[in-house]
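Residue strings, one per chain:
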Amino acid sequence: IVGFTDISRELQPIEVMDMLDRLYFKFDTIARQHDIFKVETIGDAYMAVANLVKDQPNHTEHISRFALDAIRTANETLIKEDQPELGCVNIRVGFHSGPVVSSVVGNMNPRFCLFGDTVNTSSRME
């Protein structure tokens, strides 16, 4: 999210959580529409992949269309619903293609994780 640090500084924590919940709910809907697998959210980052849980020869098309729809949706999502003058969310999107390894890690609050250079490169595309 462009300006996330500034947004977090201006809003109360519960308001930041509300904004992220509204935005990620919409992203989850878009992910289902484009047959994209949501891996996780970490703060203001939303990680999703194509061609992981099922074979998708056209995975670049799936993730590209998801990204474009996510940008449009973010630009229509108010930062704070009762203060429209604050504007809408603006996001940057990065994606990369390559091999990954996936696994559930840990046994106390286990998490599904992806590992590999592909993930590392994608995470730096901010």
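(A) Representation of the pairing of strand β1 (residues 37-42) within the structure. Where β1 and strand β2 (residues 45-49) come together, five bridges link them in antiparallel fashion. Across the sheet, Lys38 pairs through a bridge with Ala48, a residue of β2. Between the antiparallel neighbours β1 and β2 lie two residues, among them Gly43 with a positive phi of about 60°.

(B) The arrangement of the environment of Thr60 in detail. Here Thr60 shows up in helix α3 (residues 59-74). Its relative accessible area of 43% is what places Thr60 among the partly exposed residues. Between the C-alpha atom of Thr60 and that of Phe95, which follows or precedes it by 35 residues, the distance is 9.2 Å.

Conventions used here
Each chain has its residues counted from 1, following the order in which its sequence is written. With the structure being a predicted model, the display of local features is reserved for residues of pLDDT at least 70 and the display and counting of side-chain atom pairs for 80 or more, all residues being used for whole-chain, interface and lining totals. Water and hydrogen atoms play no part in the side-chain values, which are based on all heavy atoms of the structure. At least two DSSP bridges between two strands are needed for those strands to be called paired. In this description a helix means any DSSP run of H or I spanning at least four residues, a strand means any run of E spanning at least two, and both kinds are numbered starting from the N terminus. Only protein chains enter the accessibility calculation, which uses a 1.4 Å probe; a residue is then buried when its area is under 20% of its type maximum, exposed when over 50%, and partly exposed in between.

By themselves, these are just geometric observations and shouldn't be taken as functional.
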